[in-house]
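Working through the structure, step by step
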Amino acid sequence: MQPSSTGASVATSDALAQPTLRPADRHRTAGTRADGLLLTDDRHRPGQRSFRRANLALFAAGIATFVLLYSTQGLLPVLSDDLGLTPGQASWTASTATLGLALGLLPASALSDRYGRTAVMTASTLAAAALALALPFAPDLTTLVVLRALQGAALAGLPATAMAYLAEEVHPSALASAMGLYVAGNSIGGMGGRLLSGWVAAGLGWRWGLAASAALALLAVLAFRLLIPAAKHFTPAPVDARALARTVGRHLRNPLLLRLYALGMLFMAVFGAVYNTIGYRLIAAPFHLPESVAASIFVVYLVGTATSAAAGRLAGRLGRRGALYVAIGTTALGLLLSLADSLPFALLGLVLITAGFFAGHATASSAVGRTATEGRAQASALYLIAYYLGNSLGGTIGADAYHATGWPGAATIGLAAMALAAGVTLYATHRAHAGARTGALRAAR
């Protein structure tokens, strides 16, 4: 077991109270105290064992979280058949989990400020895994939906805290790549949860599918706890509701953060609309795929894993807005291709939608960590609230649109969201150019 985050923070503070005279080695960046003595920046960097452990731990935590969060999405058609549900009704088992997570993010971020990042992440994933063990015994839709909402709220501690942990413990030069790997773990977990539950459910029923997801998540939680390095740059703070409200208010008055929150919501609305309905489309005309084969479609998540890891490099080459334009265009092209009644075109469309979504999410989420100079946990929590609200709204509206008009309805919801995302990014580009022109005029004077 690793020491608690709070204990690690106190120990680090005590160590810094004494002069540090050794020079910085090649992995550390020297800083200067007020008295002229050197201090070293011991945040994790590429090449260090602690950096690899932190990445692997957050990768495993992402797997556990998203195996559980999306465990019902891969078996929505099976739930509809077994319980006599419409796509919209069945989608509530997915949407309420993300809604519960969204509502739990700010309280979880406040608790992480008080009790430590690793402590909250561990408690969060363990509680969600325990609830997962109860899901297979749900007697009806109402019970299943309530348990899923509670599970989503329990899961909130990890995504509310993980980005803050990385921002505090990883050197800024490696933050984008570390964030990309964390998001890649999310994609592996999302894929694994959907594939595992879908495959098992196709043969044994949805209850066994949920039980298999719970077992996989428990293994990932154990790996996380064994690997996560103790936090060295966390300073505990009391839970202060007024201070929390002030911090949230400052973030909500920051125009850049608001644009990033809007982008997270819009990208996730597309994702919810598409993945809540893709299984229904593949087993219906004109494709008529078996349910086990339709469940295998979530292997497309591997595209998201690669895209997330590459998003930092893309942003480095094109800038943040350039990367967002690429992500929006890729997602929109995928939605248009998916309209064809051709299985190869539909699958290619899904690949592009997934790649665009993960590129957009990785770019926007890493920008939140860099933009917020204080209250990072709350800034990350607000981003994720918008993100998961987008999932809940997009998933539910997309499923209803699919039930009413078929796949074109769900695709139209996605295209509308990408049109709005393009508008937000174009506005940001206009503001940046206007600011540059104003600065040039002032310099000329």
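Residues numbered from 1 in each chain as written. Predicted model: local features only at pLDDT ≥ 70, side-chain atom pairs only at ≥ 80, totals over all residues. Heavy atoms only, no water.

A word on the layout of surface pockets
Quick note on the threshold: Definitions used throughout: a 1 Å grid over protein atoms alone; a cavity as a set of points that fits a 1.4 Å probe which cannot get out; a pocket as an open set with protein on both sides within 12 Å along at least five of seven lines; a lining residue as one with an atom within 4 Å of a point. Grid points are joined across faces, edges and corners, and a volume is the space filled by probe spheres set on the points. Numbering of helices and strands runs from the N terminus, with a helix taken as a DSSP run of H or I at least four residues long and a strand as a DSSP run of E at least two residues long. Classification convention: Asp, Glu, Lys, Arg as charged; Ala, Val, Leu, Ile, Met, Phe, Trp, Tyr, Cys, Pro as nonpolar; all other residues, Gly among them, as polar.
The calculated volume of the largest pocket comes to roughly 390 Å³. Looking at the largest pocket, it is lined by 20 residues, and the ones nearest its centre are D113, A237, T247, G375 and Q378. Put simply, the parts of the chain that give the lining of the largest pocket at least two residues each are α4 (87-115), α10 (241-252) and α16 (376-405). Here the lining of the largest pocket gets 4 residues from one element, more than from any other, and that element is α10. Of the residues contributing to the lining of the largest pocket, the split by class is 8 nonpolar, 5 polar and 7 charged.

A short note on unusual backbone geometry
Definition in use: The classification of residues rests on relative accessible area computed with a 1.4 Å probe and restricted to protein chains. Under 20% of the type maximum is buried, over 50% is exposed, and intermediate values are partly exposed.
Note the cis peptide between A285 and P286, where omega equals 5 degrees. In this structure, P286 sits in the loop between α12 (278-283) and α13 (291-295). One non-glycine residue with positive phi stands out, namely H288, at about 55 degrees. Within the secondary structure, H288 is located in the loop between α12 and α13. For H288, a relative accessible area of 55% puts it in the exposed group.

Structural notes on the environment of A310
Among the structural elements, A310 can be located in helix α14 (residues 301-338). You can call A310 partly exposed: its relative accessible area is 23%. The spacing of A310 and A176 is 134 residues in sequence and 9.6 Å in space, taken between C-alpha atoms.

As for helix α6 (residues 141-155)
An α-helical turn contains 3.6 residues, so a residue and the one three or four places further along point in the same direction. Operational definition: In this scheme, a helix's expected span is set at 1.5 Å multiplied by one less than its residue total. Counting of polar contacts relies on pairs of N or O atoms within 3.5 Å, with two restrictions inside protein: one atom must be capable of donating a hydrogen and the other of accepting it, and residues adjacent in sequence are counted only when both atoms are side-chain atoms.
The first and last C-alpha atoms of α6 sit 21 Å apart over 15 residues, in line with the 21 Å expected at 1.5 Å per residue. The N-capping residue of α6, defined by a side-chain oxygen 3.4 Å from the backbone nitrogen of T142, is D140.

Considerations on the packing of aromatic side chains
Think of a pair of aromatic rings as described by two things: how far the centres are apart, and how the planes are tilted against each other in angle. So the rule is basically this: The aromatic pairing rule takes the rings of Phe, Tyr and Trp, using the six-membered ring of Trp, and pairs them if the centres are within 6.5 Å, calling planes under 30 degrees apart stacked, those over 60 edge-to-face and the rest tilted. When the NZ atom of lysine or the CZ atom of arginine is within 6 Å of a ring's centre and also within 35 degrees of its normal, the charge is said to sit over that ring.
Applying the stated criterion across every chain, the model contains 10 aromatic pairs. An angle of 15 degrees between the planes, with centres 4.1 Å apart, marks the rings of F271 and F357 as stacked. Of this pair, F271 sits in helix α11 (residues 255-275) while F357 is found in helix α15 (residues 343-371), placing the two residues 86 residues apart along the sequence. Side by side, F271 and F357 carry an identical accessibility label, which is buried. Here the aromatic rings of F357 and F358 are separated by 4.9 Å at their centres, their planes lie at 70 degrees, and the arrangement is edge-to-face. For the pair shown, F357 and F358 are each scored as buried. Among the aromatic residues, ring-to-ring pairing joins F271, Y275, F298, F357, F358, Y383, Y387 and Y388 into one connected group. The aromatic ring of Y115 is capped on one face by R114, whose charged end is 5.1 Å from the ring centroid. Over the aromatic face of Y70 sits the side chain of R194, whose NZ or CZ is 4.2 Å from the ring centroid.

Quick word on the pattern of salt bridges
The criterion, for reference: Each reported salt bridge corresponds to a side-chain nitrogen of Lys or Arg within 4 Å of a carboxyl oxygen of Asp or Glu.
For the structure shown, the criterion picks out 3 salt bridges. For E168, the salt bridge goes to R117, with nearest N and O atoms at 2.4 Å. Placement of E168 in helix α7 (residues 157-169) and of R117 in helix α5 (residues 117-134) is noted, with a sequence separation of 51 residues between them. Look at E168 and you get buried, because its relative accessible area is 15%. The exposure class assigned to R117 is buried, which follows from its relative accessible area of 4%. Taking the shortest distance from any N to any O, the salt bridge between D341 and R281 comes out at 3.5 Å. Taken as a pair, D341 in the loop between α14 and α15 and R281 in helix α12 lie far apart in primary sequence, 60 residues in all. Residue class for D341 comes out exposed when judged on its relative accessible area of 60%.

So, the packing of helix α2 (residues 49-69) against α6
Under the convention used in this document: All axes are obtained by fitting lines to C-alpha atoms, using only the stretch in contact for helices, and the reported angles, taken between N-to-C directions, cover 0 to 180 degrees. Here the word oblique covers every angle except those under 35 degrees (roughly parallel), over 145 (roughly antiparallel) and from 65 to 115 (roughly perpendicular). For any helix crossing, the convention is left-handed if the near helix is rotated counterclockwise from the far helix by under a right angle, and right-handed if that rotation is clockwise. The contact rule is simple, with two residues in contact once any of their heavy atoms fall within 4.5 Å.
One can describe the packing of α2 onto α6 by two numbers: an axis separation of 10 Å at closest approach and a directional angle of 160 degrees. Classed by the angle they form, the pair α2 and α6 counts as roughly antiparallel. Crossing geometry of α2 relative to α6 is assigned as left-handed. Between α2, through T65, L68 and L69, and α6, the contact on the second element is made entirely by R148, Q151 and L155. Here the contact of α2 with α6 is composed, by residue class, of 3 nonpolar, 2 polar and 1 charged.

Geometric descriptors of this kind do not, in isolation, establish any biological role.
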